[in-house]
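Architecture at a glance
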Amino acid sequence: MESSLYSLPCSPIEMEVADPTYRWVQDRAAPRLFSVTKEGHLLFQHFQAGDSGKYSCTISYMKHGIPVSQTFHYSIFGYHVLGGLDTVLLFHSKFCKDERTKRFLWGLQDKLKLLETEQHCKFQLTATFCFPSLNNPSDESIIQVQLEVSLFGPHWDKHCNSQDMETITDCYRRTVQHNLGQVQLALTRFFKEHKSFHITGADIPSINFTNEFVGFLKTEQCSGGYGQTKQLQRCLDCCIVCAPGMFSPPKNSQCSPCPLGTYSLTYGVALCTTCKDGMITRVPGASSMTDCVEKERTKQAVSIVHRIPVLLLIILPALLAINLIFILSSCYWFYQEYQVGSPRASKKTGSTTKMETVTGFFFRIPRQGPQAGPDARPASDSSHLDTSASQGSDEEHTHGAPSPAVTLNLATVTDETTPVLTLEDRKDAF
């Protein structure tokens, strides 16, 4: 799409500064001279798809004797509203697919150039077919010519001068619909005035190509290098220029990544550029020539990536088997420990009970003294021991109170003597 004139201010707001200087730069592009107004506005004459990209403008000035600079960044991309025209032309001739047919097509395109300038459009010959005539198949042929009419020729939007985005988009829609009707009328009139095309030359006999039919089909598809990306909120059905690394063939409404082995450097590419022989890109969507590498390196990288699933299929079953063996062996080990450890625990419990019984019996004998007369002396000895023990206990209380932990231990020992007394009572009763 070509735009007649478009200007972009350096600053989004008006800045009243003395003697400012402006510097515009475009990313991903070779240095070039820009057309800049005195106020710092960047001018685009006949904006093309390749002019899309990221721009930055730096304004420099003096403030209180100190140099000051500010930079503003912009993203500019081309777009066009939907609207197009496909034209089918049928010509009768005696010959098909020879040198005279080629000369006829060249002459037809030359004559249509004048009509392009008048209607601010572009004609592109997309296909030709040649087949025998139904009425006289042996002596007459029919040549079918298909033309694609783009309504976005030079100065197509010369009547849309507003800087307001919503207003100018509405103006584009009205202009396209108006030009669509005008082009149909112009083509119909043109082929009525040019009913027959006479082709002659020094080395070939003369021949006529007579027009018999003109047909039109309105289309609403994107031009080559554009896609409906829905980036423009005010015009969701508009066709936006494809970014570097992307492409869109004619009549395709989507921008797609460049396939492996191709790349695109600029905006608005209809077909991607192929890498040099023996080179390929690692991933789709390459946007630089440096993305092309030798095929051997890429094959090695791809082979490694493809081998990863195979390695996982080999390693995962082995890991699962090892984990299963570990779990089973752990269960067996615990089971064996439980079987072996239970009798030992029982024996320990029995011996402990026996020791407690014997110990209790040993220490309880002296306390039986008062009940038997001859054994009074041992009883007094036992009381002497008890008195000593009580004195020792008093000494401990005199020197310092035991810690809480010790107190708890003593309480625990006292509790544990209870079942011993029960066992001793049973023996005395016996």
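Residues numbered from 1 in each chain as written. Predicted model: local features only at pLDDT ≥ 70, side-chain atom pairs only at ≥ 80, totals over all residues. Heavy atoms only, no water.

1. Remarks on the overall build of the protein chain
To keep it simple, the criterion reads: Labels follow the DSSP assignment, with helices taken as runs of H or I lasting at least four residues and strands as runs of E lasting at least two, numbered in each case from the N terminus. Note on exposure labels: buried denotes an accessible area under 20% of the residue type's maximum, exposed denotes more than 50%, and partly exposed covers the range between, all computed with a 1.4 Å probe on protein chains only. Whether two residues touch is decided by their heavy atoms; if any such pair falls within 4.5 Å, the residues are in contact. The Shrake-Rupley method, run with a 1.4 Å probe, gives the accessible areas here. Residue values count only the displayed protein chains as cover.
Scanning the protein chain for helices and strands turns up 6 helices and 20 strands. Expressed as a percentage of the 430 residues in the protein chain, the buried residues total 29%. Across the protein chain, every contact between residues at least 6 apart in sequence was considered, and the portion connecting residues at least 24 apart equals 61%. Approximately 28,500 Å² of the protein chain is accessible, and the part contributed by carbon and sulfur atoms is 59%.

2. So, a nonpolar patch on the surface
So the rule is basically this: Patches were defined on residues exceeding 30% relative accessible area and lacking a salt bridge, with like-charge contacts within 9 Å and nonpolar side-chain contacts (Val, Leu, Ile, Met, Phe, Trp, Tyr) within 5 Å. The rule for a salt bridge is simple: a side-chain nitrogen of Lys or Arg has to be within 4 Å of a carboxyl oxygen of Asp or Glu.
A cluster of nonpolar side chains, contributed by Leu-312, Ile-314, Ile-315, Leu-316, Leu-319 and Ile-322, occupies part of the molecular surface with about 580 Å² of accessible area. Looking at where Leu-319 falls in the secondary structure, it is placed in helix α3 (residues 295-364).

3. Some remarks on helix α1 (residues 99-119)
The α-helix winds at 3.6 residues per turn, so residues separated by three or four positions along the chain end up facing the same way. Counted only if it meets this: For a helix, the expected span equals 1.5 Å multiplied by the residue count minus one. To get the bend at a residue, fit one axis to the 7 residues ending there and another to the 7 starting there, then take the angle between the axes.
The end-to-end C-alpha separation of α1 is 31 Å, in line with the 30 Å expected for 21 residues at 1.5 Å each. At Lys-113, α1 shows its maximal bend, which comes to roughly 25°. Where α1 terminates, the next one or two residues include His-120, which has phi positive at roughly 55°.

4. Observations regarding the nonpolar core
Selection rule: Only buried Ala, Val, Leu, Ile, Met, Phe, Trp, Tyr and Cys residues count toward a nonpolar core, and they belong to the same one when joined by side-chain atoms within 4.5 Å.
Counting 39 residues, the largest nonpolar core has Phe-91 and Leu-108 as its most contacted members. Elements that contribute at least two residues to this core include exactly β8 (84-93), α1, β9 (122-132), β10 (141-150), α2 (165-193), β11 (196-199) and β12 (207-219). Take this core: its biggest share by element is 10 residues, from α2. Leave out the neighbours within four places in its chain, and Phe-91 touches Phe-104, Leu-108, Ser-141, Ile-142, Ile-143, Val-145, Phe-191, Phe-197, Phe-209, Thr-210 and Asn-211. If you look at the next biggest cluster of nonpolar residues, it comprises 13 residues, including Cys-10, Phe-44, Phe-47 and Cys-57.

5. With respect to unusual backbone geometry
Excluding glycine, residues mostly have negative phi values, and the peptide bonds linking residues are mostly trans. Of note in this structure, Asp-19 is not a glycine but carries a positive phi near 50°. On the basis of relative accessibility, which here comes to 71%, the residue Asp-19 falls in the exposed class. Phi at Lys-230 is positive, roughly 60°, even though this residue is not glycine. Along the chain, Lys-230 falls in the loop between β13 (226-227) and β14 (239-241).

6. Here's the deal with the state of the cysteines
Joining two cysteines, a disulfide is a covalent bond between their sulfur atoms. Here is the rule: Two cysteine sulfurs form a disulfide in these notes if their separation is within 2.5 Å.
This structure, assessed with the given rule, holds 7 disulfides. Between the sulfur atoms of Cys-258 and its disulfide mate Cys-272 the distance is 2.0 Å. Looking along the S-S bond of the Cys-258-Cys-272 disulfide, the torsion reads about -80°, which is the left-handed sense. A residue pair is termed long-range when its members are at least 10 positions apart, and Cys-258 in the loop between β16 (256-257) and β17 (262-263) and Cys-272 in the loop between β17 and β18 (273-274) qualify at 14 residues.

7. Here we look at the side chain of Asp-51
Among the structural elements, Asp-51 can be located in the loop between β4 (42-47) and β5 (53-63). Non-local contacts of Asp-51, meaning those with residues more than four positions away in its chain, are made with Gln-26, Arg-32, Phe-44 and His-46.

8. So, the sheet that holds β14
As a reminder of what qualifies: The rule for pairing is simple: two strands pair if DSSP sees at least two bridges between them.
On the basis of which strands lie adjacent, the open sheet formed by 3 strands has the order β7-β14-β13 and antiparallel pairing. Every other strand in the sheet has two partners, leaving β7 (79-80) and β13 as the edge strands with one partner each. Relative to β14, β13 runs antiparallel, the two being bridged by 2 bridges. Across the sheet, residue Tyr-226 finds its bridge partner in β14, namely Val-241.

9. A few points about the sheet that holds strand β6 (residues 66-76)
Rules: The axes used here are C-alpha line fits, helices contributing only the stretch in contact, and every angle between their N-to-C directions lies in the interval 0 to 180 degrees.
On the basis of which strands lie adjacent, the open sheet formed by 3 strands has the order β2-β5-β6 and antiparallel pairing. The sheet is open, and its two edges are formed by β2 (21-26) and β6, each paired on a single side. Neighbour to neighbour, the strand axes of the sheet diverge by 20° on average, direction disregarded. Here β5 runs beside β6; their pairing, made up of 11 bridges, is antiparallel. Looking at β6, one finds that Ser-60 is bridged to Ser-69.

10. Side note on the packing of aromatic side chains
Filter applied, for reference: Any Phe, Tyr or Trp ring, taking Trp's six-membered ring, that has another such ring centre within 6.5 Å forms a pair; planes under 30 degrees apart are called stacked, those over 60 apart edge-to-face, and the others tilted.
Tallied over the full model, the rule gives 13 aromatic pairs. Residues Trp-156 and Tyr-172 carry aromatic rings whose centres are separated by 5.1 Å and whose planes lie at 45° to one another, so their mutual orientation is tilted. On the criterion of sequence distance, the pair formed by Trp-156 in the loop between β10 and α2 and Tyr-172 in helix α2 is long-range, its members being 16 residues apart. Using a relative accessible area of 7% as the deciding quantity, one classes Tyr-172 as buried. By way of ring pairs, the aromatic residues Phe-91, Phe-104, Phe-190, Phe-191, Phe-197 and Phe-209 are connected into one cluster.

11. A closer look at the pattern of salt bridges
A full pass over the atoms with the stated rule returns 3 salt bridges. Taking the shortest distance from any N to any O, the salt bridge between Lys-251 and Asp-86 comes out at 2.6 Å. Taken together, the residues span a long stretch of sequence, with Lys-251 in the loop between β15 (246-247) and β16 and Asp-86 in strand β8 at a distance of 165 residues. Judged by its relative accessible area of 38%, Lys-251 is partly exposed.

12. Concerning the environment of Lys-195
Among the structural elements, Lys-195 can be located in the loop between α2 and β11. In contact with Lys-195, other than residues within four places in its own chain, are Phe-209, Thr-210, Asn-211 and Glu-212.

13. A closer look at the side chain of Ser-11
Using the following cut-off: Two N or O atoms form a polar contact when they lie within 3.5 Å of each other; inside protein one atom must be a possible hydrogen donor and the other a possible acceptor, and for residues adjacent in sequence the pair counts only when both atoms belong to side chains.
Tracing the backbone shows Ser-11 in the loop between β1 (3-8) and β2. There is a polar contact of 2.7 Å between the side chain of Ser-11 and the backbone oxygen of Ile-13. Excluding anything up to four places from it in sequence, Ser-11 contacts Phe-72 and Tyr-74.

14. Digging into the environment of Arg-234
Here Arg-234 is to be found in the loop between β13 and β14. Separated by 3.1 Å, the side chains of Arg-234 and Thr-169 make a polar contact.

15. As for the confidence of the model for the protein chain
Applied cut-off: Confidence per residue, as judged by the predictor, is encoded in pLDDT with a range of 0 to 100.
Of all residues in the protein chain, 72% attain a pLDDT of 70 or more, and the chain-wide mean is 76. Note that pLDDT drops below 50 for residues 343-430; the model gives that stretch 15 contacts with residues more than four away or on any other chain.

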